Every structure is written in C-alpha cells, then in structure tokens.
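Coordinates in review
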Amino acid sequence: MSTKYVYTFGDGKAEGKADMKNLLGGKGANLAEMNLIGVPVPAGFTITTEVCTEYNKQGRDAVVAMIKDNVEASIVKTEEAMNAKFGANGDAFPLLISVRSGARVSMPGMMDTVLNLGMNDETVKIIAEKSGAEKFAYDSYRRFIQMYGGVVMGVEAENGKHDPFELVLDKVKSDNNYASDAEMTVADLKTVVAEFKKVVKENAGQDFPTNPWDQLWGAICAVFDSWNTERAILYRRMEQIPDEWGTAVNVQAMVYGNMGETSATGVCFSRDAATGEDLFNGEYLINAQGEDVVSGVRTPQEITLIGSKRWAERNGTSEEVRAKDFPSLEEAMPELYNELNAVQEKLENHYHDMQDMEFTIQDGKLWMLQTRNGKRTGAAMVKMAVDMLAEGLIDEKTAVLRLEPNKLDELLHPVFEKSAIASAKVLSKGLPASPGAATGKIVFSAEDAEEWSDRGEKVILVRRETSPEDLKGMYAAEGILTERGGMTSHAAVVARGMGKCCVSSAAGISVTPSALKINGVAFKEGDFISLNGTTGEVYEGKVATITPTLDGDFGKIMDLAENNTRMYVRTNADTPADAKTAREFGAKGIGLCRTEHMFFEGERIWAIREMILAEDLEGRKAALDKLLPIQRQDFSGILEAMDGLGVTIRLLDPPLHEFTPNDAASQAEMAEKLGVDVEVVKAKVESLHEFNPMLGHRGCRLGNTYPEITEMQARAIIEAACDLKAKGLDPKPEIMVPLIGTVKELKMQEGIIRETAAKVFEEKGVKVDYMVGTMIEIPRAAVTADEIAEVAEFFSFGTNDLTQMGFGYSRDDAGKFLPIYIRKGILKNDPFQVLDQDGIGQLVRMGCEKGKSTRPNIKLGICGEHGGEPSSVEFCNSVGMDYVSCSPFRVPIARLAAAQANLKQN
Ligand code: PEP
Ligand code: MG
C-alpha cells in the first residue's frame, strides 16, 4: 500500500492524473486530469481506494486517525483555491463541499453522495448575507439536512410509510396551498430546517451535527460504508467488479446551478450514446441542481439547438413553444454554450473516446464536475469505434480492444416483425431511452418482475421512475417503461448499461403502484404491452419480434477482428439452417454437431427406439439400417452448408434412456407403433434406468458396447462425404468420439471408424480426407492426454462435462446451490458459464500441453458453452488452441473476443 492517502486538485494543479484510476477511482483520476489540461474544475481532493480497503479491514477509528492530518491539510488547500473557509470563520465566505464515491469503474447510483456539507445555523446566515440569495441558502441547508440525515444518519421511510422529511415538506406545502417546493418562502424554509432537525433527533436518536468537521467525517465514512450495501454488492456481481477494489472518496468544493437565472446544471455527451452519431448532445436545466436533471422530476431541456429541434419533433411540440418554453442552452446562454462545446471537444480529443460529462454554471461561470468515458449501446459502440478509427482519433488496436464483445449481443437482439408492427396499435411515444424491442406482461414492482420472470413469464416493468433498488427487477424484465425521466435518468442509464430496452417519459402516461393509464385507457397487471426502445413507441398487446441482419459498421468491426486474430471461430450446430446462419456470422466450420439432436425429428425417433428395444445384434442392425439413410442425409446437409470447412461430427453421446418415454400413454404408443407388448417397453425403460446417468452408460461406452452404432454413424458420415465429393464439393468431416477416459476406449472406436471408412471408399470408388479425434471432457483424459494424442488427430475440450466432473457438480442439479455459492462469494461466477481458469482451466492447459508433446501438430479447440464467453476465449488463446466453437449467435462475440485475446497477449 502506498503511504499517500489523499490527492489534491484545483487551480490548474493536481497530484493525481488520468492513469491512476485504480488508486483514485475513475472520477478522482479524471478530476485531476481535467485540472491538468486546463478545464475549469472546482478544487478538492480524493481519498484513495486503498483507504477504503483499510476501512473494511480496520474499521472507522483506525482509518480516521490514519488520514486525519492529510484530510485537514487538503481542506486548507481547497479553501485557498476557492477563496472560502470551511465552517463559520469571521468574514470569510463559507466553503461548502460535496462528498462522493468513485470506484475504478462507474457504478451509477449504487453508492452514496452528500452535497452542501458545511452548512449549519451560522454558515447559512453568512451565505445568505454574502450571496444575497437568502432563499437559495436556506433551501441548500434543508436539502443538506435531508440528504445527510438519510445517507449518514439512516433516517428514511420505514417499510410502507412515507419518508419523514417528505411529510414535513408536504405539510408546509399543503398548509400554504403550494403546488411545488419552489413556492416555499424563506420563512417556510426556516421552519422546514427546524422541523428537519427534529425529525433527525426523533429518528436517529441524536442531534444533527453542527460542526462541519463532524459532518465531514460522517460523510466520508458513509461513502466507504456504501461500498458494502446490498445493491452495490449486487451490481458488482452483475458487472463482475471485484469486491476488493473499494471506492475512492471525492471531496470537492460545491458550485451551484440553482443560484438563479444565470445558473444552470446539466449532463452532456460528446457523441450520441444511443446511436453513436458524432453529435454533441445532452440535457440541462436553468436554476437547478444536478439531481433535478437526472431524477426525472423536471423535464430537462436539450443542450444543442439541433437536439432541441429533434426533441420537439419527437414530442409533437411546436417550434414556437419549443423556442419559448424549452430553449436549448445554445439559445439561452450562447457564450457559455460555446465554452462548453470547446471543453467537450477538448476532453474527447484528450481521452480519445466519447465523454459523458457533468457541468454546472454558477452565476455565469462554467465548471466541469465530472468527465468519464461514456456508457453506450452496442450499436453506438460499434459506430463510434469505426468512426473514430476513420477520423484518426484511435488506431486499429484501440478500436478492437475498446469494444465489449458481449455488447455485440444487443445488435443481434430482436426487433419487431415488420408485418406485426404494421398492424400494431401505438399507444404512446416516449423517449427512446435504450434500444431494442420487448414484449411482455405488465408488472408494477421490481419484486414482481423477478418473481414472474422466475416462473418463466416475460414481463415489462412499468414504473413512475426507477431507482437503484429496482435493479434486480430491471434485470429480470424484458423491458422497462417509465412515466418520468429523461435520457439521463436512472432507468435510461442503467437499462442502456444492461442492454435492456427502455422507454421513458411517454406522453399521456400515468403510473400508480398498481395501475397504468395511457391516454385514458387503463391497463392492469398481466396485460401485454410492447416497447420499442429505439423509437420510443409503446404498443398495445403482444408484437412478434425478429432478429436483425448485420452489415455496415458491424461488418467492418468483424473485418478488424479477422485481421487481428490468431484463433478462428467455429460453431456448435446440428442443422444445415444453423450452420448457414453461423457461416453468415463468420463461423469457419462446425466445432460440434451433436448427432443425437437429429434423432428427435420426424420418424427418426422410432428407428432409434426400435434399436433400443432390439433383443440382439441382428435386431439392432435391422433398426440401424433404417437409421443409416436418414443420418446420411442429415450429414450431407451439414457438410454441404459448410462446404470447404471442417465439420466435427460427434458420435452418439447421451444415455439411451433419453430416447424412451416415461409416461404410460407414450409407452403404450411406442408399444403399438413398434408392434410389441407394452410390458416389453416398460421393462426396457426400467432396465435403462441409472442412478447417475451422466456418469453411466453414455458416450463412447455406447459405441464400445454396441460397436454397430459407431459403424452405422461412421458409414453415414463417410458415405455422405463421398457422395458430395463426387458432386464436386469439398467436404471435410472430422469424426469425434465423446467421453474418452482411457486411450483404449478411443483406440477401439478409431478401429471401427477407419475400417468402415476403408470399406466405403472401396464400395464407392471415392476417397475423402477425414480425421478422427476425441473430446477431452473427463479429467482422466486431460491427465493422460499424451497417450490419447497418439491416437487422436484433434482434441475438442468439452468443458461442460469437464466442469461437471472436475468440480463434481451435476449439470442438472447445480442450479440448487450455485446461486447461493455465488451470492456467498464461494464462487465468483457460474463455472458452467465462465471457465474456472484456476481449476478446470488447468486441466485444459495440461490437456493441450500433453497432447502437443506426443503429436505436435494436433488440432486443439473447445466446444463447451465457454467457447462463446469472452474471458474463457481469452484463456483458450493463452493455452494455444486453434479455434473456439460456440452457438451461432455468439459467433460474432467469440470472433471479437479472439481478436482481443490475440492483441492483448502479443
Ligand atoms: C461438453 O461436455 O462440453 C460438451 C460440449 O458436450 P455436451 O454438452 O453435449 O455434453
Ligand atoms: Mg459432454
């Protein structure tokens, strides 16, 4: 741990800089950097993330003692830079400060903030007198007590009751018939302050602290505490942010956007975070505080004229009304707009990325409060990378590494079907807060969203506005609809981060805790609605969706990935249609064709059942003869769709009981169809029963006990390939033996396959190149991979089974305890989704190394679910695999992840 705990900034100087995010958090590092490049930033200091780690270990008293001198000295520096004094100090203007969290990566709304700190009965008077804005002073004071009382002293609404502070405000307003807080007079605000203090005393059991230093330490510790709230922990789990990182604390001089008509506050982006368009945009409000813009309580106005005109058009607002009531900052404060525009350009050029900025104008002076690389939709991410590369703002490597592979998924997300949408009834139009299409049943609470989705229902979460408490529900919902809130509201920001469709501020909408009304029409829980987060439209009922096609910038990104990759990507596909889709997405062959998936279609299942029922070899062969032409046709379709590319076809893998029915009616049907007594069927089903089917008679154990099955499958594959070759195609079959534990199991299967192939070549007078290889999915196979590679021409790591058997977690039963293990921190991730690199990954590494030791040119790949998960793909690159294989829709993600892995590891 470094011994410097506190880093100051202000007046064009800073002790930190942009590349110190790990220590200063994203916000702290950027505040320092903005100072260094001449952007106006209120002075302050950052307490490091390491102090948070110590706080979690040693507790409050030890940490306060550790940083006390540094904090006090830093307050003095801030006082000097801002020409103000902390606390009441003679004639000096009181310094008020904000205390905010700031982790390495942004965790929007998840942790605590305290504003206006330093207010007390004395400082409020001095501020009122010196600023001449008495109402502003008392309003800031009451806001401070309310915020500090809630965040630091824990005064909040108890279950089912109203917030006690809000009750005080409501009473003052109703006694005086005020419609809003803004109508309160100075006298009212003084009453509110006195009442708020009573509320604190009653609810927290102690007086509101009047000493600014007590206030400061309370706030600093509250921010550290907020690292460990339930919602922050949940967010970290979802975003895979390590608990050890901790948050920094930023203490900074307050500046005010609510000091009258020459003050304003806003949020802006150097490019469009939803579409990627290179257009400065954002929202602001005159005479307002930052939360007023993001909370959705007041409708914010657009910063640029062009943005304002587009807003009016979307909203159906006339140009006259727009210009008069909702002017852009560009029109309302042209000089300050120009200054802000220059700053945003400077920041984007400096950081070489789209910036998400917060600013305040205090009495005609612009201050930047924050800048960070902006969150963006998948589509915007792709467009910005392509545009910035073309502009020369970034190089190819940066363009590839900056992309988040999983976000490409959003581009593959459904949109509404054209014919369905043409006849769908538009109920309302709101802000296109987060793109994509969603359809589902209305629910009104986050808890219901979770509950309904757990039982398999697709839901739309409908709320007046959302708050961080709604996170889980938003995650569970297909889409989110809110009555209030702009493009920077909590719902919009969080939904975009999750890649969830969201529409906010829809016209004519009103939401209560149990009802939704849209332009007078009432909707209840369970009714279907549909949302288009790209246009902001809200539709009645269920609207069918389809998946979009990919071209343009997406294609350019895929080309970039292609030019920078070492590994290639295959797909797991069992049908010619899937193979074709995957090929369009750039798959270079099939890494896993699970033959058994073909057995359930049409008449196939009856032939398989007949084989299972057969009493002897002859009976089995007769049934297999029926299967042969069907399988040949299946393989022919797939080999043709992947003409010229390798196709790994796996021999039969699951235990046979998976093909027989369990219920009496289906057993009777089977008996009739196959012309046997129902008792025969029952007896067979019983005989196939196993205590641990996943560890039972499956995989190559089937082929080694019933060699005729392997023979039939090998024949079907080789015949299909020969026929295609005769037609002038270039089939490349790779026959894969599943569930090998010892080399002898493979050797026996290989013998059957090669013998069969030789026979077919002779019969047909045609030869094709083919390979024989195996899956490495049993730990013993990984450990003895050197022996196995003497027979296998390729390995495909079956990390689903390898995880199952390596961990000893049943794939079918782990759902009962894995979520608890993850919640309790025993496991970081679900190991069936994210490869456990420390354990299972070591088996994979050993398998690769040992395989290469006896067959240096052995082809290595992965076909477990992990083949489409970016961190696992990176691992596969590091152990020298040739390819990864994943489901068709993950192919683009894996391609990008493979390129990133290559760039990172070189
Ligand atoms: C595996 O085990 O990783 C695999 C791909 O095979 P399956 O999922 O079919 O068992
Ligand atoms: Mg398997």
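Conventions and cut-offs
Residues numbered from 1 in each chain as written. Chains lettered and ligands numbered in written order. Predicted model: local features only at pLDDT ≥ 70, side-chain atom pairs only at ≥ 80, totals over all residues. Heavy atoms only, no water. Helix = DSSP H or I, 4+ residues; strand = E, 2+ residues; numbered from the N terminus. Rg over C-alpha atoms; globule rule 2.2 N^0.38 Å. Buried < 20%, exposed > 50% of the residue type's maximum accessible area, 1.4 Å probe, protein only. Contact = heavy atoms within 4.5 Å. Lys, Arg positive; Asp, Glu negative; His and termini not counted. Charge placed at Lys NZ, Arg CZ, Asp CG, Glu CD. Donors = N, O, S within 2.8 Å, 3.2 Å for Na, K, Ca; no water. Domains from an automatic or database assignment. Buried area = accessible area lost by both parts, 1.4 Å probe. Salt bridge = Lys/Arg side-chain N within 4 Å of Asp/Glu carboxyl O. 1 Å grid on protein atoms, 1.4 Å probe; cavity = no way out; pocket = protein on both sides within 12 Å on 5 of 7 lines; lining within 4 Å. Points joined across faces, edges and corners; volume = space filled by probe spheres on them. Nonpolar A, V, L, I, M, F, W, Y, C, P; charged D, E, K, R; others polar. Near = heavy atom within 4 Å. Polar contact = N/O pair within 3.5 Å; in protein donor to acceptor, adjacent residues only side chain to side chain. Areas by Shrake-Rupley, 256 points an atom, 1.4 Å probe, with all protein chains shown as cover. Pairing = 2+ DSSP bridges. Axes fitted to C-alpha atoms, helices over the stretch in contact; angles between N-to-C directions. UniProt positions renumbered as here; feature names shortened; annotations may be inferred. Phe/Tyr/Trp six-rings, centres within 6.5 Å; stacked < 30°, edge-to-face > 60°. Lys NZ or Arg CZ within 6 Å of the ring centre and 35° of its normal. Core = buried A, V, L, I, M, F, W, Y, C linked by side-chain atoms within 4.5 Å. Arc of directions from axis to C-beta.

**Details of the overall build of the chain**
- Broken down by element type, the chain carries 37 helices and 34 strands.
- Taken over the C-alpha trace, the chain has a radius of gyration of 32 Å; the compact-globule value for 906 residues is 29 Å, and the two agree within 12%.
- Burial statistics for the chain: of 906 residues in total, 55% are counted as buried.
- At a minimum sequence separation of 6, the contacts of the chain that also span at least 24 residues come to 69%.
- Where the 101 positive side-chain charges of the chain centre and where its 136 negative ones centre are 2 Å apart.

**Observations regarding the coordination of the magnesium ion (ligand 2)**
- Binding of the magnesium ion (ligand 2) to the protein goes through Glu-777 (OE) and Asp-801 (OD), at separations of 2.1 Å. One end of the pair, Glu-777, is in the loop between strand S31 (771-776) and helix H31 (779-783); the other, Asp-801, is in helix H33 (residues 799-807), and 24 residues separate them in sequence. Taken as a pair, Glu-777 and Asp-801 share a single burial class, namely buried.

**Focus: the domain arrangement of the chain**
- When cut into domains, the chain gives domain 1 (1-120 + 212-254), domain 2 (124-209), domain 3 (264-376), domain 4 (414-546) and domain 5 (565-655 + 690-904).
- Just the C-alpha atoms count here: the centres of domain 1 and domain 2 sit 25 Å apart.
- Taken together, the contact pairs 21 residues of domain 1 with 16 residues of domain 2.
- If you sort the residues of domain 1 by the area they bury against domain 2, Phe-93, Met-119 and Gln-215 come out on top, with a joint share of 34%.
- Taking the shortest distance from any N to any O, the salt bridge between Asp-91 and Lys-130 comes out at 3.5 Å.

**Re empty space enclosed by the protein**
- Scanning all chains against the criterion turns up five cavities of 30 Å³ or more.
- In this structure, the largest cavity occupies an estimated 80 Å³ of space.
- Ala-561, Glu-562, Thr-565, Met-567, Tyr-568, Val-569, Gly-586, Lys-588, Arg-895 and Ala-898 are the residues that line the largest cavity.
- Those elements that provide at least two residues to the lining of the largest cavity are helix H22 (552-563), strand S27 (568-572) and helix H37 (891-905).
- Grouping the constituent residues of the lining of the largest cavity by class yields five nonpolar, two polar and three charged.

**Observations concerning the site of ligand 1**
- The immediate surroundings of ligand 1 are formed by 14 residues, with Arg-594, Gly-798, Asn-800, Asp-801 and Arg-811 found nearest.
- One nitrogen or oxygen atom from the main chain of Asn-800 is found 2.7 Å from an oxygen atom belonging to ligand 1.
- Separating an oxygen atom of ligand 1 from a backbone N or O atom of Asp-801 is a distance of 2.9 Å.
- Notes on ligand 1: free accessible area 290 Å², of which the protein chains cover 95%.
- Sorting the residues of the shell around ligand 1 by element identifies strand S28 (590-594) and H33 as the ones contributing at least two each.
- Broken down by element, the shell around ligand 1 gets its largest block of residues, three residues, from H33.
- Residues belonging to the shell around ligand 1 are distributed by class as follows: three nonpolar, four polar and seven charged.

**Some details on unusual backbone geometry**
- Its identity as a non-glycine residue notwithstanding, Asn-83 has a phi of 55°, on the positive side.
- Assignment of secondary structure puts Asn-83 in the loop between helix H3 (60-82) and strand S4 (85-86).
- Residue Asn-83 is classed as exposed on the basis of its relative accessible area, which comes to 67%.
- Positioned with a positive phi, His-352 is a non-glycine residue whose angle comes to about 55°.
- Looking at where His-352 falls in the secondary structure, it is placed in the loop between helix H14 (334-351) and strand S12 (355-362).
- Overall, His-352 belongs to the partly exposed group, its relative accessible area being 36%.

**Considering the sheet that holds strand S3 (residues 44-47)**
- Ordered by their spatial adjacency, six strands build an open sheet running S2-S1-S3-S8-S6-S7, and the pairing between neighbours is antiparallel. Of all the strands in the sheet, just strand S2 (13-14) and strand S7 (113-117) have a single pairing partner and so form its edges.
- Inspection of the sheet shows strand S1 (residues 6-10) paired to S2 by two bridges, in the antiparallel sense. Bridge assignment links Phe-9 to a residue of S2, and that residue is Ala-14.
- Contacts between H3 and the sheet are confined to S1, S3, strand S6 (97-102) and strand S8 (248-253), with S3 contributing the most and set at about 155° to the helix.

**Notes on the UniProt feature "active site" (unreviewed entry) in the chain**
- Feature annotation in UniProt places "active site" (unreviewed entry) on His-490 and Cys-863, given in this structure's numbering.
- Tracing the backbone shows Cys-863 in the loop between strand S33 (859-862) and helix H36 (870-878).
- Judged by its relative accessible area of 1%, Cys-863 falls in the buried class.
- Ignoring anything within four residues of it in the chain, the contact list for Cys-863 reads Asn-572, Gly-591, Leu-592, Met-736, Met-775, Ser-796, Phe-797, Gly-798 and Ser-885.

**Considerations on the pairing of S3**
- Of the two faces of S3, both are covered, the one formed by Gly-44 and Thr-46 as well as the one formed by Phe-45 and Ile-47.
- Where S1 lies against S3, four bridges are found, and the strand directions are antiparallel. Paired with Val-6 across the two strands is Ile-47, which belongs to S3.
- Bridge count between S3 and S8: four bridges; the pairing is antiparallel.

**Side note on the packing of aromatic side chains**
- This model, assessed by the stated rule, comprises 17 aromatic pairs.
- A centroid spacing of 6.2 Å and a plane angle of 90° characterise the contact between Phe-795 and Phe-797, whose relative ring orientation is edge-to-face. The residues Phe-795 and Phe-797 share a single accessibility class, namely buried.
- Note on Phe-817 and Tyr-821: the rings are 5.7 Å apart at their centroids and 65° apart in plane angle, and the pair reads as edge-to-face.
- According to the relative accessible area criterion, Tyr-821 is partly exposed, its value standing at 30%.
- Ring pairing ties together the aromatic residues Phe-807, Tyr-809, Phe-817 and Tyr-821, which thus form one cluster.
- Sitting above the plane of the Trp-452 ring, Arg-455 keeps its charged end 4.8 Å from the centroid.
- The ring of Trp-606 has Arg-609 lying over it, and the distance from NZ or CZ to the ring centre is 5.0 Å.

**Things to note about the nonpolar core**
- Counting 94 residues, the largest nonpolar core has Ile-788, Phe-795, Phe-797 and Met-881 as the members making the most contacts within it.
- Among the elements that take part in this core, helix H29 (residues 707-726) stands out by supplying ten residues, more than any other.
- Met-881 has contacts with Arg-566, Met-567, Phe-797, Val-844, Cys-848, Leu-860, Gly-861, Ile-862 and Cys-876, leaving out every residue within four places of it along the chain.

**Some words on the sheet that holds strand S21 (residues 509-512)**
- Strand order in this open sheet of three strands is S21-S22-S23, and the pairing throughout is antiparallel. At either end of the open sheet lies a strand with only one pairing partner, and these are S21 and strand S23 (521-523). Neighbouring strand axes in the sheet, compared pairwise and without regard to direction, differ in orientation by 20° on average.

**Structural notes on helix H11 (residues 305-315)**
- Listing the buried residues of H11 in full gives Gly-307, Ser-308, Trp-311 and Ala-312. Down the axis of H11, the buried side of the element spans an arc of 135°, and every buried residue falls inside it.
- In the core, the buried residues of H11 are packed alongside strand S11 (301-302) and helix H12 (319-325).
- Gly-316 occupies a position one or two residues after H11 and carries a positive phi of about 70°.

**What to know about the pairing of strand S20 (residues 501-504)**
- Side chains of S20 alternate between two faces, with Cys-501 and Val-503 and Cys-502 and Ser-504 buried alike.
- Two elements, strand S16 (residues 431-434) and S20, share three bridges in a ladder whose sense is antiparallel. Paired with Leu-431 across the bridge in S20 is Ser-504.
- One ladder, built from four bridges, connects strand S19 (residues 479-482) with S20; its direction is parallel. Of the residues in S20, the one forming a bridge with Ile-480 is Cys-502.

**Topic: the pattern of salt bridges**
- Counted by the stated rule, this structure contains 60 salt bridges.
- Taking the shortest distance from any N to any O, the salt bridge between Asp-356 and Arg-372 comes out at 3.3 Å. One end of the pair, Asp-356, is in strand S12; the other, Arg-372, is in strand S13 (residues 365-373), with 16 residues separating them in the sequence.
- By relative accessible area, which is 24% here, Arg-372 ends up partly exposed.
- One network of salt bridges, with partners in common, ties together Glu-596, Arg-650, Asp-653, Arg-698, Asp-801 and Arg-811.

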